[in-house]
Amino acid sequence: MDTIRFQPFEKKPSRLMHRLQISFVILLGIAFTLGGFAIHYYNGIQQTLNSIHVPLSKDKTSTSTLTDGHAFSILMIGTDARAGEKTGRSDSMILATINKEKNSVKMLSIPRDTKVTYDDGDIGKINGSYSKGGAEGTVNAVEKLMNVPIDYYVTINMKGFSDLVSAVGGVRVTNDINLTEVNKRFVKGKIDLNGKEALQYVRIRHEDPRGDFGRQDRQRDVIMGISNELAGTTSITHFNKLLKAVGDNFTTNLAMDDIIEIATNYSSVRNNVDTLKMEGEGVSIYSEAYGFNLYYYEPEAKSKTAATKAFREHLGLSQ
């Protein structure tokens, strides 16, 4: 097996990975938003949550730690699956630990091309774990890679973000820089965005001289826009559309009580997010199955160990 190594990965970032790093802000923000919404519309949203609730095998023997205020972990999975599909690949995977006592979040974006060894002995990319075993397959692959237990997961396909913005009737944001290369409407100042435009808006990176920093600001602004719409009188009008957007595009093993607990007792952690790094390099490995070299991302052992240590300490686990 021939292996060709490239420059360190951080010098050659994946466009898809950068584009889909929005998942953490979107998924965590939506979890808190919908949790608050569920408090007021418990009966109405319970049916939708039942339809998207897909437990993991280990959930049958584990007990929830949320009622005790303990730290917990959650894996956010952004998929390329279409609405209603259970197949596809996990285009983004973001592992986060949430500690109420420390009032903080630690998060790590796991590159979709990360090299892993599957249970059957095959070498593959970690994003293939979703097509092999769905959310459970991805949870297992990330647990094995990072040596961190995962309590909860949430999946969303990218269309789901667009559908949520459309469901609340669009959002208004304040744009602090002209970004008209992608869409002529993205001018400086207050702009109204529909679902499709909001997705375009939060994906912009190359046109913004601030790169990912500017994009992260836009992500937060859109999430706040969704939250504001949900908190307003229009939330009742768009209630059914919102439930459909969630039902069509999300899956999770979080139960109704879990979501409400997060929304009421953990929401302040959003203000203290520590982004971890896992450095590595790109490698090209010859595949006998395909007859040509395939690209993988290989994490640096020292960097991965540091990330694992940070997560386990945040969860109160032994090393």
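Named according to an unreviewed UniProt entry, the protein chain is LytR family transcriptional regulator originating from Listeria weihenstephanensis. Annotation of the protein chain in UniProt includes, under Sequence similarities (unreviewed entry), the sentence "Belongs to the LytR/CpsA/Psr (LCP) family."

How would you summarise the packing of aromatic side chains if you had to cite specific residues and measurements?
Applying the stated criterion across every chain yields a total of three aromatic pairs. Pairwise contacts between aromatic rings join Phe72, Tyr152 and Tyr266 into one cluster. Taking the ring centre of Tyr266 as reference, the NZ or CZ of Lys100 above it sits at 5.8 Å. We note Arg218 situated over the ring of Tyr201; from NZ or CZ to the ring centre the distance is 5.8 Å.

So what about the nonpolar core? Which residues, and what values?
Among the nonpolar cores identified, the biggest contains 29 residues, and Phe72, Ile74, Ile98, Phe250 and Leu254 are the most heavily contacted of them. Those elements giving two or more residues to this core turn out to be helix 3 (42-52), strand 2 (72-79), strand 3 (90-99), strand 4 (104-110), strand 7 (152-157), helix 5 (158-167), helix 9 (239-249) and helix 10 (256-265). In this view, Leu254 contacts His53, Ile74, Tyr152, Val154, Ile259 and Ile262; residues no more than four positions away in its chain are not counted.

Residues and numbers for helix 11 (residues 301-314), please.
A rise of 1.5 Å per residue sets the reference length of helix 11, with its 14 residues, at 20 Å; its end C-alpha atoms lie 20 Å apart and thus fit the reference within 8%. Positive phi appears at Gly316, one or two residues downstream of helix 11, with a value of about 75°.

Account for the pairing of strand 8 (residues 171-175), naming residues and giving values.
Moving residue by residue along a regular strand, the side chains alternate between the two faces of the sheet. Where burial is concerned, the two faces of strand 8 differ: the one with Val171, Val173 and Asn175 is buried and the one with Arg172 and Thr174 is not. Bridge count between strand 8 and strand 9 (residues 189-193): five bridges; the pairing is antiparallel. Bridging from a neighbouring strand, Arg172 pairs with Asp192 of strand 9.

Describe the side chain of Glu143, with residues and values.
With respect to the element layout, Glu143 can be found in helix 4 (residues 128-146). Side chain to side chain, Glu143 and Lys58 meet in a polar contact 2.4 Å long. Glu143 has contacts with Lys58, Val148, Pro149 and Ile150, leaving out every residue within four places of it along the chain.

Analysis parameters
- Residues numbered from 1 in each chain as written.
- Predicted model: local features only at pLDDT ≥ 70, side-chain atom pairs only at ≥ 80, totals over all residues.
- Heavy atoms only, no water.
- UniProt positions renumbered as here; feature names shortened; annotations may be inferred.
- Phe/Tyr/Trp six-rings, centres within 6.5 Å; stacked < 30°, edge-to-face > 60°.
- Lys NZ or Arg CZ within 6 Å of the ring centre and 35° of its normal.
- Core = buried A, V, L, I, M, F, W, Y, C linked by side-chain atoms within 4.5 Å.
- Buried < 20%, exposed > 50% of the residue type's maximum accessible area, 1.4 Å probe, protein only.
- Helix = DSSP H or I, 4+ residues; strand = E, 2+ residues; numbered from the N terminus.
- Contact = heavy atoms within 4.5 Å.
- Expected span 1.5 Å × (residues − 1).
- Pairing = 2+ DSSP bridges.
- Polar contact = N/O pair within 3.5 Å; in protein donor to acceptor, adjacent residues only side chain to side chain.

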